[in-house]
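# Chains, contacts and geometry: an overview
Okay, here's what each chain looks like letter by letter:
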Number of protein chains: 2
Amino acid sequence: MNPYVRIFDTTLRDGEQSPGATLTSAEKLEIARSLARMGVDVIEAGFPAASPDDLEAVRRIAREVGNPASGDGELVRPAPIICGLARASTKDIDAAWEAVRHAARPRIHTFLATSTIHMRYKLRMDPEEVVERVKDMVAYARSLCADIEFSPEDAGRSDPEFLYLVLSEAIKAGATTLNIPDTVGYTTPDEFGELISGIIANTPGIENAVLSVHCHNDLGLATANTLAGIRAGARQAEVTINGIGERAGNTSLEEVVMTLHTRRGIFGLETGIDTTQISRVSRMVSNYTGIPVQPNKAIVGANAFAHEAGIHQDGILKNQLTYEIMRPETVGLSRSNLVLGKHSGRHALRARLEELGYVLAPDQIDRLFERFKDLADKKKTITDADLEALMEDQVNQFEEVYRLDGLQVACGTMGMPTATVRLQGPDGSLHVQAALGTGPVDATYKAIDSIIGAPNVLLEFNIHAVTEGIDAMGEVTVRLQAKNGPSSQRTSPQSGQPHSRSFGGYGADTDIIVASAKAYLAALNKLLISAGWQMPAKALVPASPVQIQEGGQYAHPVRPI
Amino acid sequence: MNPYVRIFDTTLRDGEQSPGATLTSAEKLEIARSLARMGVDVIEAGFPAASPDDLEAVRRIAREVGNPASGDGELVRPAPIICGLARASTKDIDAAWEAVRHAARPRIHTFLATSTIHMRYKLRMDPEEVVERVKDMVAYARSLCADIEFSPEDAGRSDPEFLYLVLSEAIKAGATTLNIPDTVGYTTPDEFGELISGIIANTPGIENAVLSVHCHNDLGLATANTLAGIRAGARQAEVTINGIGERAGNTSLEEVVMTLHTRRGIFGLETGIDTTQISRVSRMVSNYTGIPVQPNKAIVGANAFAHEAGIHQDGILKNQLTYEIMRPETVGLSRSNLVLGKHSGRHALRARLEELGYVLAPDQIDRLFERFKDLADKKKTITDADLEALMEDQVNQFEEVYRLDGLQVACGTMGMPTATVRLQGPDGSLHVQAALGTGPVDATYKAIDSIIGAPNVLLEFNIHAVTEGIDAMGEVTVRLQAKNGPSSQRTSPQSGQPHSRSFGGYGADTDIIVASAKAYLAALNKLLISAGWQMPAKALVPASPVQIQEGGQYAHPVRPI
């Protein structure tokens, strides 16, 4: 048995800090379940001190994914460790503990910057103060929780001697994992490997802790740096699905795992990851976050496997290994994925969904089956990707304030694109508005805006076809930010300052304008909920319909947090 | 002065082998001009033996970009070397020479596989035969051209001793650059660095040649491997813009150049690249190839620079270097890029385009100005990105067989999306058709198909907003492949077999359905031209309109190549 490398997934924490990656609580839970099923050792589920919503989302994951007996009973392996991030303050550590303590194996991850530039300009603390704070806060966290991770932020640019001191004090104070982040993605593999070797050689007590690496991809070197750290002796890698994260993102889970797998001859290391889950989880994260994966992305890009694109077919036919160093099946891509058609029944649908890893309640199956039949009337064959798009569309509709009830659009080269939108409001009443726009999506969004009246800035808008062929479903992802609205802010763990959240939305339909309307509504619903909108209980539907006010004010009973 | 690393850009050769990246001759020329302006040392302009079109495109680049005196007189540096790829055969080498000889500094790049698996299963040659072929073909190429590059394909998996032998024979036969490809993206940085060190230490005559590295990104390690090769002594890096290429792509130009730049303290090396051109060329390549760049792509992703996303703003305000290791201006991102509005005149437009690197003829300015005014009527402010989208839309329309003359679409949740399309055919006649589809794009494409009748499979469909805001222009990229059509094949350099080409199209408009129609027409026009369609001379317009036939046959006077 080779030595084991722990995979610590921070898609839900550092990944979710990507602009627009904001996820609903339901989406976070689905992703956490998928990560657990894939065999991730640690799930960093969020930064509980950011906002009450963030705390609640982590708590829900701790309860529902962090316990082997809970959930759908499918988890044959021990539940993953559920980790919450905390700055080096008692308030943050209390919030993290409050969120993760419901897991069978909770972890608190606290951090403080150790580079000169961060200590001077961000923390405004002396090195001595930093050491004292680390000792105090690690000890405080350890008084609550047996599993404590400590990170010296911006370690890649810190003085190594100071780093050894801080780390040894953290170990003495009770840290069980020490994570070395290259926060700004500045190091090269040689440098980062040497940093890790130096820490192992010079930090008293390091043999009593697990050493971890956390890299960023600003120069395109995150995977190589992570692997250099592992070769130097790190035994935990912090990664995200698709490499999402702020700026150029974090290290990609799939690249690290598949390099260790494909080149196990030279690395001689094991992970607990079921690699056949990689493609599916990649698609889920891309769809939920609205962050697309480029076709030439390693492992999970649409073109990553040669045979799929029909290129080098000859070489492949002669010998699979001529141009293929990995089998697509290893990451869960099946060569044929046409599965269902219009004559497929509810049983076939449920069976296929279960094979894809979705376990649905009967009423969810009913809703999905109805939409499946609609789609099968329009499309000859329904692929796994279509099913996943339907599933994701449905998960995204869990928290609806406004729901699309009808849409009618006229557009073209005559230059008068017009949309008429009918929405069902939170009280069940219907609202209809028409609007003229620069294009059909603009017209649709203007009509929706004239009903909901939540001023926002559209930051991003993407559409792509789910499957090949002209009758494909279109998936739309949008990202928007509230303009002058009530609190839509959360605290950044690095700067400690509130920053404006942006909200992603996803919609799928064979009609891309309908999908665009759904995606926009999904993002607006997230914005409304985040701004304090509470879903009225069924019995408490307000008698009066939502009013549209002049000047773009929120007309709902918004309760600022 | 630090030692110099040559940047060899193969976007137009290895990059263009990406599924769907097929570029028109006009697009290739625009990209080559931009690469030259950016300071690339060598442009690998194509694989001339692939098809007569490919040869002609390389010849045009050799003539127009490969000579300092030609073009717009702006080139103050010597023109780049123009390189053509050739398999190790006299036929291929002749084609490459015929294409590149018009450049001031032509290069022929020939290659032959040296790994056991490739020699046995692909070449079916003994190692002795491989050595003889390399000697003969390098000598033959050298008899034509003074600058010869040789690559042992799949070097990353070749026996090092055999590699030393092949390389030393290639040098004796006249090779001036030896390029070491990790064809399947299998190596790790340590391995690849050792491979390069081994070659330098053990190849007789290596001091008389430039050593080059060419990596693929299957495990996400292309940049790190390239840098490891450079540190070991390679002095040419083969790269593509945005890292495009088959499967997970090639090494990214921008990642290698910006790492050498940002970390020049540890690398101590220079390149000739004007880094401020990187963002612009990245967008051009993405738009022309239809291959999107993910937001978390290093250097050129939309989120790559922290400040742009408004994240970590506080840290940045306190000290720019807290979270920013590169300045966005260094790669050509300007912090404010609102430039023009509806009152801007033709002069302001031309001045701004020249600042962006586009030099247009007066009739091109006229066409663009008309579209600029149209756009300015719809959008308050016109950004650089909008201008680039307009420019790219226009470049893409250079070779039109069919042109969109009118479009009218109705769609929505009632489930009867309908499109009416009017196209102007190659003879100037107008054709109108209506069609029902699963969505507005499907309906539009069906209506177009019913006029043009070129059977095809839609492989990809993407839309995104050019700029922020709800009135943004939409950019659509599509990729399609001919179905049962006449020759749309070209020879693959690696397998030597013909493979089906796929065709990308691009369209931009504030109405995404109009943009979708334009993109589809652009791709169909490429398909028609590639299938042998020749634009009729104005005086030779056929009397009869194009006929639509049953069964999806081409009804045009198609001339198979």
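Just above sits the structure.
Being a predicted model, the structure only gives us computed values, none of them experimental.

## Quick look at the relation of the copies chain B and chain A
For the match of chain B to chain A, the screw axis carries a shift of 0.0 Å, the RMSD comes to 0.1 Å, and the turn is 180 degrees. The superposition of one copy onto the other is thereby described by a two-fold rotation axis. Of the residues that chain B buries at the interface, 100% are likewise interface residues in chain A, meaning the two copies contact each other through the same surface.

## Section: the interface of chain B and chain A
Listed per partner, the contact involves 106 residues of chain B and 106 residues of chain A. Here chain B meets chain A over a buried area of about 8900 Å², counting both sides, of which 59% is carbon and sulfur. Viewed at the interface, chain A and chain B are joined by four salt bridges. Taken together, chain B and chain A are joined by 19 residue pairs in polar contact (both at pLDDT 80 or more). Tallying contributions element by element places strand β11 (residues 403–412) of chain B first for the side of chain B that touches chain A, with eight residues. For the side of chain B that touches chain A, the residue count by class is 49 nonpolar, 35 polar and 22 charged.

## Notes on the nonpolar core
Counting residues in hydrophobic clusters, the biggest one holds 249 residues, and the most contacted among them are Ile108, Phe150 and Leu178 of chain A together with Phe150 and Leu178 of chain B. Per element, the largest residue contribution to this core is eight residues, and it comes from helix α6 (residues 160–173) of chain A. Non-local contacts of Leu178 of chain B, meaning those with residues more than four positions away in its chain, are made with Phe150, Leu167, Ala170, Ile171, Ile206, Ala209, Val210, Leu211 and Ser212 of chain B. Counting 76 residues, the second largest nonpolar core, distinct from the first, contains Ile513 and Leu528 of chain A together with Val401 and Ala443 of chain B.

## A short note on the pattern of salt bridges
Applying the stated rule across the entire model yields 58 salt bridges over all chains. Ionic pairing is found between Glu98 of chain A and Arg59 of chain A, a salt bridge with its closest N-O pair at 2.9 Å. Here Glu98 of chain A is found in helix α3 (residues 90–100), whereas its partner Arg59 of chain A is found in helix α2 (residues 52–64), with 39 residues between them in sequence. The class for Arg59 of chain A is buried, based on a relative accessible area of 18%. The salt bridge involving Lys526 of chain B is made with Glu27 of chain B; its shortest N-O contact spans 3.2 Å. One end of the pair, Lys526 of chain B, is in helix α18 (residues 512–530); the other, Glu27 of chain B, is in helix α1 (residues 25–38), with 499 residues separating them in the sequence.

## Things to note about the packing of aromatic side chains
Tallied over the full model, the rule gives six aromatic pairs over all chains. Note on Tyr445 of chain A and Tyr520 of chain A: the rings are 3.9 Å apart at their centroids and 10 degrees apart in plane angle, and the pair reads as stacked. With Tyr445 of chain A in helix α17 (residues 440–452) and Tyr520 of chain A in helix α18 (residues 512–530), this residue pair connects regions lying 75 residues apart in the sequence. For Tyr445 of chain A, a relative accessible area of 0% puts it in the buried group. Note on Tyr520 of chain A: relative accessible area 0%, which makes it buried. Ring centres 6.3 Å apart and planes at 75 degrees place the aromatic pair Tyr445 of chain B and Phe461 of chain B in the edge-to-face group. Here Tyr445 of chain B, found in helix α17 (residues 440–452), pairs with Phe461 of chain B, found in strand β14 (residues 456–465); they are 16 residues apart in sequence, far enough to count as distant. Using a relative accessible area of 6% as the deciding quantity, one classes Phe461 of chain B as buried. Among the aromatic side chains, those forming a connected cluster through ring pairs are Tyr445, Phe461 and Tyr520 of chain A. Lying over the aromatic face of Phe267 of chain B, Arg231 of chain B brings its terminal NZ or CZ to 5.3 Å of the ring centre. Directly above the aromatic system of Tyr186 of chain A lies the positively charged group of Arg263 of chain B, at a separation of 3.8 Å from the ring centroid.

What counts and how
- Residues numbered from 1 in each chain as written.
- Chains lettered and ligands numbered in written order.
- Predicted model: local features only at pLDDT ≥ 70, side-chain atom pairs only at ≥ 80, totals over all residues.
- Heavy atoms only, no water.
- Least-squares fit on C-alpha atoms with pLDDT ≥ 70 in both.
- Contact = heavy atoms within 4.5 Å.
- Buried area = accessible area lost by both parts, 1.4 Å probe.
- Salt bridge = Lys/Arg side-chain N within 4 Å of Asp/Glu carboxyl O.
- Polar contact = N/O pair within 3.5 Å; in protein donor to acceptor, adjacent residues only side chain to side chain.
- Helix = DSSP H or I, 4+ residues; strand = E, 2+ residues; numbered from the N terminus.
- Nonpolar A, V, L, I, M, F, W, Y, C, P; charged D, E, K, R; others polar.
- Core = buried A, V, L, I, M, F, W, Y, C linked by side-chain atoms within 4.5 Å.
- Buried < 20%, exposed > 50% of the residue type's maximum accessible area, 1.4 Å probe, protein only.
- Phe/Tyr/Trp six-rings, centres within 6.5 Å; stacked < 30°, edge-to-face > 60°.
- Lys NZ or Arg CZ within 6 Å of the ring centre and 35° of its normal.

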